[in-house]
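An overview of the molecular structure
The residues making up each chain are set out below.
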Amino acid sequence: MPLSLLPLFIYIPLAGFLVSLLLPRKKETAISWLAIGTIGLHILGVMGLVIYWLVLGQPTWDLKHLVLFTTPGFQIFLDLYFDKITAVFAFTGSVLCLLVTVFSRYYLHREEGFKRFFSSLLLFFTGYNFIIFSGNFETLFIGWEFLGISSFLLIAFYRDRYLPVKNGLKVISIYRLSDICLMLAMWMSHHLWHENITFFKFNIPGVVAAQLQTHQAAGIFIAVMILIAAAVKSAQFPFSSWLPRAMEGPTTSSAIFYGSLSVHIGVFLLLRTYPFWESIAGIKTAIIAVGLVTSCIAAGIARVQSTVKTQIAYASIVQIGLIFVEIALGWHVVALVHFMGNAFLRTYQLLVSPSVLSYLTHHQFYHFDPKQKKNTLPGKWSATFYVLSIKEWNLDRLLTTLLWRPFKWIGATLKFLTHGVSVAVLVAVAGAALYFFAAGSFISAAIPLILAGLGLLLILRSFAERSDARKPWLLAFAAQFFIVLAVMLNGDFAASEVILYLSGTIVSGIAGYFCLARMKAIDNDISLDHFHGYTYEKPWPAFIFLLCCLGLLGFPITPTFIGVDILFSHVGEHQWVLISFISLAFVFIELALLRIYARIFMGQHKKADHAIAFKSS
């Protein structure tokens, strides 16, 4: 009986989120009590389930819940899982979400975005439960995507200010790296197991060891992708700089997201996949090294920062680094206790931080009084470490320089792709590819690479385009067809699978273009050189366009999400160039689309009759 109730812990918050969208935004009492009632009902269910689970002797439950799509050699389904890790994360998440929700009811009273906050909070809680109750990578990835978009919406909660919107885009760009690493882990896992492997099978003695003995390289690749995804999500070195930038949202969202729950999702991922990589000594060493280096660097940064939120953010990173070490050493009970302690402490610290600032304004040490030290080597090292900590080790600039700037430069050099002649050439290339493939030409093996490369170039151009917003939108839309065509010509990609993938893409692409055309007709200025803030006067087009962005990039609201998983499974395990092109395309398409949304509908409104917002929150 309890096994059949596991889906309720996902559907309860999902139902609460959907109902919250229907409530009028001025009904603060109804909105807040809906969130409180939803999470309260959830926590009662979790407590009852945990008690019953303890009475039964802590069994492991696995439920194959819902089959989404079936192919001749592969099946995509939702799988739910419950063990001690799920119990701890479910109880901690429910309690903290309830506390923050009750606190937010008063903290955000009469705030312009009161309804947006509680809707986003319920969306986050839905994604969180998808993750912690997941029994396979597909189910986990649904929650992973929900957490990403809810993070963006809450960081950019004060959408009339420059820095919240900018930092929201910055954080989602880092998150996208973890998304694609998890997708690549799923891709290689499909080839390693030739099935949709569940976490329950990971714990069956001998199953993982037998596969890794004959496919060691594939196992190492999956483990590395899991490590990077976990490190990004938990703000470990060198990805630590995004966490304090995420504090631009309301204090309550900072408490529940980046102090307690969302930032510990990397910890959960390592715990859940531990049976897979525990026998790979190199990965365990790498996790320990990442945790220790992060703890040392973040501890130094936390001690010299002047803002309370930044101090708490880096202090939390320090503890998460130590939890990484505990997991790699196999101390999982210690790691779970450590997680609970750190989550509750950081939530408390962030919730009281505004009061601390008001009570102790004149007692904050915003200056540094260096000690008189001799010109010795230890003194020089100490001063160097201090300066690096003040600058947060320039991690933010390092990531921008290494990860995004080269691709943005490539996109900026491809201006010719927006010309009509170039479009005709691209269509001709696609037609020629189909002809040579049908004719069985000797160059047919290179055709998928050419098409995927062209799709990537179109998306990079979309990412760098700053003129009329319709141009980057159409470039991203067209790139989808090149990616699909590349995979179609690469293997046995059935017509039903193509239709499944393009069904959500085509509808979202057309609807999004009409939204932009409507904004063009209203003001005649939809360039991406600056923020326009149209959401104040046109909230419904803004909401519809956001849904179109999510649909076009494969968010779990259209069949395209299932099609993305199928598309990756049709790329061979040795086709590294092809999978690299496709992966990069999926990284930058989300950044390009959300950038269009942010520039057109967020930021300070261009009209002078709207209030001028502060730069930061």
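See the structure shown above.
Reference entry: report on the structure contained in this document. (Residues numbered from 1 in each chain as written. Predicted model: local features only at pLDDT ≥ 70, side-chain atom pairs only at ≥ 80, totals over all residues. Heavy atoms only, no water.)

**Description of the overall build of the chain**
The number of helices and strands found in the chain is 26 helices and two strands. Along the first, second and third principal axes, the C-alpha set of the chain runs to 75 × 65 × 65 Å. Sorting the 617 residues of the chain into buried and exposed places 57% on the buried side. At a minimum sequence separation of 6, the contacts of the chain that also span at least 24 residues come to 79%. (Helix = DSSP H or I, 4+ residues; strand = E, 2+ residues; numbered from the N terminus. Buried < 20%, exposed > 50% of the residue type's maximum accessible area, 1.4 Å probe, protein only. Contact = heavy atoms within 4.5 Å.)

**Details of the nonpolar core**
Here is a general trend for soluble globular proteins: nonpolar side chains tend to be buried in one another's company. With 208 residues, the main nonpolar core has Phe89, Trp242, Phe276, Trp277, Leu567, Phe568 and Ile582 as its most contacted residues. For this core, the element with the highest residue contribution is helix H7 (residues 162-193), accounting for 18 residues. (Core = buried A, V, L, I, M, F, W, Y, C linked by side-chain atoms within 4.5 Å.)

**Concerning the pattern of salt bridges**
By the definition in use, this model includes 12 salt bridges. Arg176 is the partner of Asp179 in a salt bridge, and the nearest nitrogen-oxygen pair spans 3.4 Å. In this pair, Asp179 and Arg176 are both assigned in helix H7, three residues apart and thus about one turn of the helix distant. With a relative accessible area of 3%, Asp179 lands in the buried category. Linking Asp468 and Lys520 is a salt bridge whose minimum nitrogen-to-oxygen distance equals 3.6 Å. Highlighted residues: Asp468 in the loop between helix H21 (447-464) and helix H22 (470-488) and Lys520 in helix H23 (residues 495-523), separated in sequence by 52 residues. A relative accessible area of 21% means that Lys520 is categorised as partly exposed. (Salt bridge = Lys/Arg side-chain N within 4 Å of Asp/Glu carboxyl O.)

**A word on unusual backbone geometry**
Here the bond from Phe237 into Pro238 is cis, since omega is 5 degrees, no more than 30 degrees from zero. Along the chain, Pro238 turns up in the loop between helix H10 (216-233) and helix H11 (242-245). Positioned with a positive phi, Gln58 is a non-glycine residue whose angle comes to about 60 degrees. You can see Gln58 is positioned in the loop between helix H3 (28-55) and strand S1 (61-71). The class for Gln58 is partly exposed, based on a relative accessible area of 46%. Positive phi is not limited to glycine here, since His194 has a value of about 60 degrees. The topology assignment puts His194 in the loop between H7 and helix H8 (199-202). You can call His194 exposed: its relative accessible area is 59%.

**Here we look at helix H15 (residues 281-304)**
For H15, built from 24 residues, the straight-helix expectation of 34 Å at 1.5 Å per residue is met to within 8% by its first-to-last C-alpha distance of 36 Å. Listed in full, the buried residues belonging to H15 are Ile283, Ile287, Val290, Gly291, Thr294, Ser295, Ile297, Ala298, Gly300, Ile301 and Ala302. (Expected span 1.5 Å × (residues − 1).)

**Some points on the environment of Lys166**
Take Lys166: it is sitting in helix H7. For Lys166 and Arg245, which are 79 residues apart along the polypeptide, the C-alpha to C-alpha distance reads 9.3 Å.

**Side note on a nonpolar patch on the surface**
Taken together, Leu18, Leu21, Leu22, Trp540, Phe543, Ile544, Leu547 and Ile557 make up a surface patch of nonpolar side chains, about 800 Å² in accessible area. If you tally residues by element for the nonpolar patch, the top one is helix H24 (residues 539-552), at four residues. Counting through the fold element by element, Leu547 comes out in helix H24. Taking the relative accessible area as the measure of exposure, Leu547 reaches 35% and is therefore partly exposed. (Patch = residues over 30% accessible without salt bridge, like charges linked within 9 Å, V, L, I, M, F, W, Y side chains within 5 Å. Areas by Shrake-Rupley, 256 points an atom, 1.4 Å probe, with all protein chains shown as cover.)

**Considering the side chain of Gln305**
Structurally, Gln305 is set in the loop between H15 and helix H16 (308-328). Apart from residues lying up to four places away in sequence, Gln305 is in contact with Thr310, Gln311, Ser389, Ile390 and Glu392.

**A short note on the side chain of Ser508**
With respect to the secondary-structure elements, Ser508 resides in helix H23. In this structure the side chain of Ser508 is engaged in a polar contact, spanning 2.8 Å, whose partner is the backbone oxygen of Gly504. If we skip the residues at most four places from it in the chain, Ser508 touches Trp473, Cys548, Gly551, Leu552 and Thr558. (Polar contact = N/O pair within 3.5 Å; in protein donor to acceptor, adjacent residues only side chain to side chain.)

**With respect to the packing of H23 against helix H25 (residues 560-569)**
Running from N to C, H23 and H25 point in directions that differ by 135 degrees, and their axes come no closer than 7 Å. With respect to each other, H23 and H25 are oriented oblique. Between H23 and H25 lies a crossing of left-handed hand. Taken together, the residues of H25 that come into contact with H23 (itself represented by Glu497, Leu500, Tyr501, Gly504 and Thr505) are Thr560, Ile562, Gly563, Val564, Ile566 and Leu567. (Axes fitted to C-alpha atoms, helices over the stretch in contact; angles between N-to-C directions. Parallel < 35°, antiparallel > 145°, perpendicular 65-115°, else oblique. Left-handed = near helix turned anticlockwise from the far one by under 90°.)

**Overview of a positive patch on the surface**
A cluster of like positive charges, contributed by Lys391, Arg397, Arg405 and Lys408, occupies part of the molecular surface. Among the secondary structure elements, Lys391 is positioned in the loop between helix H18 (377-390) and helix H19 (395-412). (Lys, Arg positive; Asp, Glu negative; His and termini not counted. Charge placed at Lys NZ, Arg CZ, Asp CG, Glu CD.)

**As for the packing of aromatic side chains**
Under the defined criterion, the tally for this structure stands at 34 aromatic pairs. Between the aromatic rings of Phe137 and Phe202, the centroid separation amounts to 6.5 Å while the plane-to-plane angle is 65 degrees, which identifies the pairing as edge-to-face. Placement of Phe137 in helix H6 (residues 137-155) and of Phe202 in helix H8 is noted, with a sequence separation of 65 residues between them. No difference in accessibility class separates Phe137 from Phe202, as the two residues are buried. Ring geometry for Trp473 against Phe545: centres 5.0 Å apart, planes inclined by 40 degrees, an arrangement best described as tilted. Taken together, the positions of Trp473 in helix H22 and Phe545 in helix H24 put the pair 72 residues apart, joining distant regions of the chain. (Phe/Tyr/Trp six-rings, centres within 6.5 Å; stacked < 30°, edge-to-face > 60°.)

Everything listed here is a matter of geometry and, on its own, says nothing about what the molecule does.
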